[in-house]
Amino acid sequence: VQLQASGGGLVQPGGSLRLSCATSTSISSFNVMRWNRQAPGKQRELVATITGGSITNYADSVKGRFTISRDFAKNTVYLQMNSLKPEDTAVYYCNVAQFRGGWYEYWGQGTLVTVSS
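Residues numbered from 1 in each chain as written. Predicted model: local features only at pLDDT ≥ 70, side-chain atom pairs only at ≥ 80, totals over all residues. Heavy atoms only, no water.

## A look at the sheet that holds strand β1 (residues 3-6)
Put simply, the rule is: Pairing between two strands requires that DSSP report at least two bridges joining them. Numbering of helices and strands runs from the N terminus; a helix is a DSSP stretch of H or I covering at least four residues, while a strand is a stretch of E covering at least two. Convention adopted: a line fitted to C-alpha atoms gives each axis, helices being fitted over their contacting stretch, and angles between N-to-C directions are expressed from 0 to 180 degrees.
Taken together, 4 strands build an open sheet; the order of strands is β1-β3-β8-β7 and the sheet is antiparallel. Strands with a single pairing partner mark the edges of an open sheet, and in this sheet they are β1 and β7 (66-71). Here the average twist between neighbouring strands, direction ignored, is 15°. When strand β3 (residues 17-23) meets strand β8 (residues 76-81), the two strands line up antiparallel, connected through 6 bridges. Its bridge partner lying in β8, Ser 20 is registered against Tyr 78.

Right, here's the structure in full:
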């Protein structure tokens, strides 16, 4: 399984970005899809999750501003980020998990989001 994240860049506070994570296999095969981020000097944190049953969950810091979604036809998961703040600056990583007798997880390479004026 290969994941390719894209869509990062420089945006002003209050702006929006949409991140994409394209997978090399059908996303219907994944039990969970997530976006994580790691800010400079900080530990990686979970930002948003979507399950196979379309249940979503968000970190408190992004609730109401970020939306995770997926497109089965394009085998892609998205993270729509609105009302961006400087503290959202981080490298964003997508990861997916499959249960096949045990859990298997796969990670993308990360895309940098910088929120600054």
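After that view, the rundown keeps rolling.
## Here's the deal with the pairing of β8
Stated precisely, the cut-off is as follows: Burial classification: accessible surface area is computed with a 1.4 Å probe over protein chains only, and a residue below 20% of its type maximum counts as buried, one above 50% as exposed, and the rest as partly exposed.
Taken across its 6 residues, β8 has 5 buried, putting it largely inside the fold. Note that β7 and β8 share 6 bridges and pair antiparallel. Among the inter-strand pairings, Ile 68 is bridged to a residue of β8, identified as Leu 79. Linking β7 back to β8 in an antiparallel pair, the connection comprises 4 residues, with Asn 75 at a positive phi of about 50°.

## Notes on the state of the cysteines
We count it as follows: The disulfide criterion used throughout: a pair of cysteine sulfur atoms within 2.5 Å.
Counted under the stated rule, the structure contains 1 disulfide. What pairs with Cys 21 in a disulfide is Cys 94, and their sulfur atoms sit 2.0 Å apart. On the sign convention where negative is left-handed, the bridge of Cys 21 and Cys 94, at about 60° about the S-S bond, is right-handed. With Cys 21 in strand β3 and Cys 94 in strand β9 (residues 90-99), the pair connects residues that are 73 residues apart, well separated along the chain.

## With respect to the pattern of salt bridges
Between side chains of opposite charge, pairing is possible as soon as their charged atoms come close. Put simply, the rule is: A pairing counts as a salt bridge when a side-chain nitrogen of Lys or Arg comes within 4 Å of a carboxyl oxygen of Asp or Glu.
For the structure on display, the rule yields 5 salt bridges. The shortest N-O distance in the salt bridge between Asp 88 and Arg 37 comes to 3.0 Å. Taken together, the positions of Asp 88 in the loop between β8 and β9 and Arg 37 in strand β4 (residues 32-38) put the pair 51 residues apart, joining distant regions of the chain. Like Asp 88, the residue Arg 37 is buried in the burial classification. Across the pair Arg 65 and Asp 88 runs a salt bridge, and its minimum N-O distance is 2.8 Å. Of this pair, Arg 65 sits in the loop between β6 (56-58) and β7 while Asp 88 sits in the loop between β8 and β9, and the two are 23 residues apart along the sequence. Considered together, Arg 65 and Asp 88 belong to a single accessibility category, that of buried residues. Through salt bridges that share partners, Arg 37, Glu 45, Arg 65 and Asp 88 make up one connected network.

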